[in-house]
Amino acid sequence: FDKPLSFRNSILHHPAMHSDQAAPAKAAPAQAAPAHAAPAAGAPAKAAPGQADQGAGAAQEAVLVANPDGSMATLLPPGLAAEGKSPAGVLRLGNAVLTVQDFVDIFVRHLGYFQVILLILLLMEVIILGRKYVAREVEIQHIHEHHTSLSLVNCRWLFYGVLGVEGGFLAATLILGVLACFTGRPKYFKILGDVCLGGVSAYFSLACLRLTTVPLLVVFLRVLAWGHSHFLRRMAKILLLDRPVPAPPAEV
């Protein structure tokens, strides 16, 4: 799970991540200074144009400072504070302030946990479905015992229908999990969470009809995957992973 992801690289190469790098200075045209241009004694020295630009740019940059309790605070210049803008490369989460790099690291770490949860969930469901198919005659007899009004042939078709429903939720979870983990789009995390809750509802509905048993470990993993997908969807929205990263302006 430590394989670099494409959307992570796109965020790391976002221009906001390199806002602290100075822009290349333009070459000033060479001018010959006249001999009589020496400043008089006591006259204030005039600042160079380049130094004035650097001072104006520094005044518009935010500064991150560490508090004694370990939290971070942002010092905004009057211009940014009046306009209510967030400084480049900084994300605001309520009262907390994080850099984009730290936020991406947190997102990728929790994405790895989410992949482990999905892998265990899919393996458990494959094992359960495989055992049901191997012992299908026993399962069909079990359904026939609780639904004596149905013939054995109908119970057999009912068993394969239940097996198809559980297999459908398994396939949907697998496909959406791959799409969510490798694209990072919030909409895939949202649909995956809905599918996980739908699988839990299907298990309990079929159990109420005496058609199957409820695997508690699978239900727990599906609820855990739903909560984690909701958390990752909110983080992906903040990182704007569903929008293309604008290309840096071409140098003239």
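The structure contained in this document is the topic of the report that follows. (Residues numbered from 1 in each chain as written. Predicted model: local features only at pLDDT ≥ 70, side-chain atom pairs only at ≥ 80, totals over all residues. Heavy atoms only, no water.)

Remarks on the nonpolar core
Phe107, Leu111, Phe114, Leu118 and Phe189 are the most contacted members of the largest nonpolar core, which has 27 residues in total. Looking at this core, the elements that each hand over two or more residues are helix H4 (100–134), helix H6 (152–183), helix H7 (186–208) and helix H8 (216–239). In terms of residues, this core owes the most to one element, H4, which gives eleven residues. Non-local contacts of Leu118, meaning those with residues more than four positions away in its chain, are made with Thr173, Gly177, Cys181, Leu192 and Ala225. (Core = buried A, V, L, I, M, F, W, Y, C linked by side-chain atoms within 4.5 Å. Buried < 20%, exposed > 50% of the residue type's maximum accessible area, 1.4 Å probe, protein only. Helix = DSSP H or I, 4+ residues; strand = E, 2+ residues; numbered from the N terminus. Contact = heavy atoms within 4.5 Å.)

Side note on unusual backbone geometry
In this structure, Arg210 takes a positive phi of about 60° despite not being glycine. Here Arg210 lies in the loop between H7 and H8. Classification of Arg210 by relative accessible area gives partly exposed; the value is 48%.

Regarding H6
For H6, which comprises 32 residues, the first-to-last C-alpha distance of 46 Å matches the rise-based estimate of 46 Å (1.5 Å per residue) to within 8%. Among the residues of H6, Cys155, Phe159, Val162, Leu163, Glu166, Leu170, Thr173, Leu176, Gly177, Ala180 and Cys181 are the ones counted as buried. The first or second residue beyond H6 is Gly184, which carries a positive phi of 70°. (Expected span 1.5 Å × (residues − 1).)

Quick notes on the packing of aromatic side chains
The tally for this structure, following the rule as stated, stands at two aromatic pairs. A cation over a ring is seen here: Arg136 above Tyr133, with NZ or CZ 4.5 Å from the ring centre. (Phe/Tyr/Trp six-rings, centres within 6.5 Å; stacked < 30°, edge-to-face > 60°. Lys NZ or Arg CZ within 6 Å of the ring centre and 35° of its normal.)

Comments concerning the packing of H4 against H6
Where H4 meets H6, the axes come as close as 11 Å, and the angle between the chain directions of the two elements is 160°. Looking at the two axes, H4 sits roughly antiparallel to H6. Between H4 and H6 lies a crossing whose hand is left-handed. On H6, the residues touching Leu111, Phe114, Gln115, Leu118, Leu121, Leu122, Glu125, Val126, Leu129, Lys132 and Tyr133 of H4 are Phe159, Tyr160, Leu163, Glu166, Gly167, Leu170, Thr173, Leu174, Gly177 and Cys181. Here the residues of the contact of H4 with H6 sort into 14 nonpolar, four polar and three charged. (Axes fitted to C-alpha atoms, helices over the stretch in contact; angles between N-to-C directions. Parallel < 35°, antiparallel > 145°, perpendicular 65-115°, else oblique. Left-handed = near helix turned anticlockwise from the far one by under 90°. Nonpolar A, V, L, I, M, F, W, Y, C, P; charged D, E, K, R; others polar.)

The values reported here are purely geometric and, on their own, carry no functional implication.
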